[in-house]
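What the coordinates show
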Amino acid sequence: MNILILGSGGREHTFAWKISQSPLCQNLYIAPGNAGTQQHGTNVPINPMDFEAIKKLTIEQSIDMMVVGPEAPLVAGIYDFFKNDAALKQIPVIGPSAKGAQLEGSKAFSKAFMAKRNIPTAGYQEFTQETLQEGLAYIDQLTPPVVLKADGLAAGKGVLILNDVEEAKMEFSAMLDGKFGAASEKVVIEDFLDGIEFSVFVLTDGVDYKVLPIAKDYKRIGEGDTGLNTGGMGAVSPVPFVDAALMQKVTNRIIIPTVKGLAEDELEYKGFVFIGLIRVDNEPYVIEYNCRMGDPETEVVLPRLENDLLELLVALAEGNLGAKEIKISEKAATTIMLVSGGYPEAYEKGKTMTGFDKISDSLLFHAGTKQDGDNVVSNGGRVLAITSLGDDFKTALAISNKNAELIDFDKKNYRKDIGFDL
Ligand code: AMP
Ligand code: GLY
C-alpha cells in the first residue's frame, strides 16, 4: 500500500515510524513532515490545509490510504473533500468527517453531545455577544476558579482559568469581542473540576471500537506544572493511578456512550477519538474530546502498541475493526520533549542539533526539526521527543532524562520532572 500521512510533528514522526514497520506498507509519504519522518518515507512540501495539492499528490503517487495527524484539516473537512470527489472517494481517510470533528472543533457542540447522553463532564453554559449581560451575571455568582473556553479551535490557547471574578468578566468580554477571532464568538463557561488528568485513545469506525494505551501528558512549561500551557512537554503510559475499576467506569460511562452517540447523531467517524479526562473523587469526567491522536501522547502510546498499526487501520477502513485484538506491551513508556528556549512564547529557530549519534537506547521522534544540508536544525517550539521504554515509568524516565542531556542545541529547554505527580 502507498500511505500518506498529513502533518509535521512528533505525532506524525511516530506514525511514520510505526506504519513503515508494516509489511503492508510499500511507499510512505509525509506532507510536509520533518527531519525525522524522512528516515521512514518521502517528505512532500505540502501544507495539510491545501486540499487541492493533497489531491494532486494522492493521484500522482497512487495513495491507498491517508492518515490525518492534526485537527485543522479534519475540522475543515478533508474527509468530506475525499468522499465527495469522484477520483478520491475510494481512498480511506483515517479521521472523522467535518461533522464528527466538531467534537473537537466546537466546545458547545461537544458539551451538547455529552449532555444528550449523560456523559459525565463539568456543568456549563454557553454565551454569545447577544447574551453578554447574562454571561457577566452568571460569572458574578460563580466561586472561582472560573473556566472560560472559546468555542472554536484556538491553537490550544482558548481555555482560560481565572482565580478572580472581575478578571474573569474582563476576559469573558474580551473573548466575545474577538480575542481569539471567530473561535471565541461563542464562549462556554464551565464548572471547575479539581483532580488529576489522564487521556484515553479510542480507535473507532463509528460502530466498533478499540482502546489504545492510556497516557498522561504534562502541558505546562514549568516544573511542578507551573507557567504557561504548551502543546505538551512530556508524557507517560500507562498511568499508574488508572486501575481496572476506574477504566471500567470510563468504558461504561464514557467510551461506549460516545461511540454509540456518533452513530445516533450520524457523525461519520473512522479515526481516533482522544478523550481528555479528569479523575475527581475516583470518578472520571470528560474535560474535552479531540478528533485525532495527542502529541506527545502518541510518542508513548504507539511504542507500546504491539499490533501492526496499518493492519488495524485497514480493518477500520473496511469495517472489520471488531475482529481485531489489541496487544499492548507490559513495558512503560515515557517521553520528554526538548523545546526551544522561550517557547511557548517567542523563540528562535535554525539551531544546529548535535548528539543524535550518542543515543541508542531511546526512540527519537522529531517534532520541529528540518534537514539543513548535513545538519538537523530546530524548526519549531517543540523540537524533539525522547521516548524510552522500561519495566516501570521511573526506569524509562531515567533513560529519557540521561539522553535529554546528550542532544544539544542553543537555548534547549525541557522539564526534568515528568511523572513527578504519579
Ligand atoms: P481543554 O483545551 O478543554 O483540554 O483545556 C485545557 C486544560 O484546561 C485542560 O487540560 C485542563 O487542565 C484545564 N481545564 C479545562 N477544563 C477544565 C475544567 N472544567 N476544570 C478544570 N480544569 C479544566
Ligand atoms: N497533548 C495534548 C494534545 O495533543 O492536545
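Our structure's up above, just so we're on the same page.
So, here is what we can say about the structure in this document. Since the structure is predicted, the reported quantities are computational estimates derived from the model, not experimental observations. (Residues numbered from 1 in each chain as written. Chains lettered and ligands numbered in written order. Predicted model: local features only at pLDDT ≥ 70, side-chain atom pairs only at ≥ 80, totals over all residues. Heavy atoms only, no water.)

Quick notes on the overall build of the protein chain
Within the protein chain one finds twelve helices and 24 strands. At 21 Å, the protein chain has a C-alpha radius of gyration in line with the 22 Å of a compact globule built from 422 residues. For the protein chain, buried positions account for 57% of its 422 residues. Of the contacts formed within the protein chain by residues at least 6 apart in sequence, a portion of 69% connects residues at least 24 apart. As displayed, the protein chain offers around 17100 Å² of accessible surface, 48% of which is attributable to carbon and sulfur atoms. Of the charged side chains in the protein chain, 41 are positive and 59 negative, and the gap between their average positions amounts to 2 Å. (Helix = DSSP H or I, 4+ residues; strand = E, 2+ residues; numbered from the N terminus. Rg over C-alpha atoms; globule rule 2.2 N^0.38 Å. Buried < 20%, exposed > 50% of the residue type's maximum accessible area, 1.4 Å probe, protein only. Contact = heavy atoms within 4.5 Å. Areas by Shrake-Rupley, 256 points an atom, 1.4 Å probe, with all protein chains shown as cover. Lys, Arg positive; Asp, Glu negative; His and termini not counted. Charge placed at Lys NZ, Arg CZ, Asp CG, Glu CD.)

Considering the pairing of strand S18 (residues 332-340)
Consecutive residues of a regular strand have side chains that alternate between opposite faces of the sheet. With respect to burial, S18 is a largely interior element, nine of its nine residues being buried. Here S18 shows two buried faces, one formed by Ala332, Thr334, Ile336, Leu338 and Ser340 and the other by Ala333, Thr335, Met337 and Val339. Note that strand S15 (residues 234-237) and S18 share four bridges and pair antiparallel. Each residue of the ladder has a partner; that of serine 237, found in S18, is alanine 333. Relative to strand S23 (residues 382-390), S18 runs antiparallel, the two sharing eight bridges. Residue pairing in the sheet places leucine 338 in a bridge with leucine 384 of S23. Of the pairings in the sheet, the one linking S18 to strand S24 (residues 412-413) comprises two bridges and is antiparallel in character. In the sheet register, valine 339 faces S24, and the bridge partner there is asparagine 413. (Pairing = 2+ DSSP bridges.)

Some words on the site of ligand 2
Surveying the vicinity of ligand 2 reveals the residues Asp217, Gly231, Phe274, Arg292, Gly294, Asp295, Pro296 and Glu297. Note that a nitrogen atom of ligand 2 is positioned 2.8 Å from one of the side-chain N or O atoms of aspartate 217. Between ligand 2 and aspartate 295, the relevant distance is 2.9 Å, taken from a nitrogen atom to a main-chain nitrogen or oxygen of the residue. Protein chains bury 88% of the 200 Å² of accessible surface belonging to ligand 2 in isolation. Considered class by class, the residues forming the shell around ligand 2 number two nonpolar, two polar and four charged. (Near = heavy atom within 4 Å. Polar contact = N/O pair within 3.5 Å; in protein donor to acceptor, adjacent residues only side chain to side chain. Nonpolar A, V, L, I, M, F, W, Y, C, P; charged D, E, K, R; others polar.)

Brief notes about the nonpolar core
Membership of the largest hydrophobic core comes to 47 residues, with the highest contact counts inside it found for Leu4, Ile54, Met66, Ile78, Phe198, Val200 and Ile275. No other element matches the seven residues that helix H9 (residues 244-264) contributes to this core. What leucine 4 contacts, discounting residues up to four positions off in sequence, is Tyr29, Ile30, Ala31, Ile54, Leu57, Thr58, Ile63, Met65, Met66 and Val67. (Core = buried A, V, L, I, M, F, W, Y, C linked by side-chain atoms within 4.5 Å.)

Observations regarding the side chain of aspartate 217
Among the structural elements, aspartate 217 can be located in strand S12 (residues 216-217). We classify aspartate 217 as buried; its relative accessible area is 11%. Excluding residues that lie within four positions of it along the chain, aspartate 217 makes contacts with Gly231, Gly232, Gly234, Ala235, Pro296 and Glu297.

Quick word on the side chain of arginine 11
Note on placement: arginine 11 falls in helix H1 (residues 10-19). Using a relative accessible area of 7% as the deciding quantity, one classes arginine 11 as buried. In this structure, arginine 11 is in contact with Gly69, Pro70, Arg292, Met293, Gly294, Asp295, Thr298 and Glu299, ignoring residues within four places of it in sequence.

A closer look at the pattern of salt bridges
Under the criterion given, the structure shown has 30 salt bridges. Ionic pairing is found between glutamate 12 and arginine 11, a salt bridge with its closest N-O pair at 2.8 Å. The exposure classification of glutamate 12 matches that of arginine 11, with both residues buried. Measuring nitrogen to oxygen at the nearest pair gives 2.8 Å for the salt bridge that ties arginine 292 to glutamate 71. Separated by 221 residues along the polypeptide, arginine 292 in the loop between strand S17 (283-290) and helix H10 (298-301) and glutamate 71 in helix H3 (residues 71-75) bring together distant segments of the chain. Each member of the pair, arginine 292 as well as glutamate 71, carries the same accessibility label: buried. Shared partners join several salt bridges into a network, and the residues in it are Lys116, Arg117, Glu264 and Asp265. (Salt bridge = Lys/Arg side-chain N within 4 Å of Asp/Glu carboxyl O.)

A closer look at the environment of lysine 83
If you trace the backbone, lysine 83 turns up in helix H4 (residues 78-83). Assessed through its relative accessible area of 29%, lysine 83 is described here as partly exposed. Distance from lysine 83 to valine 93, taken between C-alpha atoms, is 8.8 Å for residues ten residues apart in sequence.

Quick notes on the site of ligand 1
In the vicinity of ligand 1 there are 14 residues, among which Glu190, Asp191, Leu193, Glu197 and Glu288 approach most closely. Interatomic distance of 3.0 Å between a side-chain N/O atom of lysine 107 and an oxygen atom of ligand 1. Interatomic distance of 2.7 Å between a side-chain N/O atom of glutamate 190 and a nitrogen atom of ligand 1. Within the residue set of the shell around ligand 1, elements represented by two or more residues are strand S7 (146-150), strand S8 (159-162) and S17. In terms of residue class, the shell around ligand 1 is built from seven nonpolar, no polar and seven charged.

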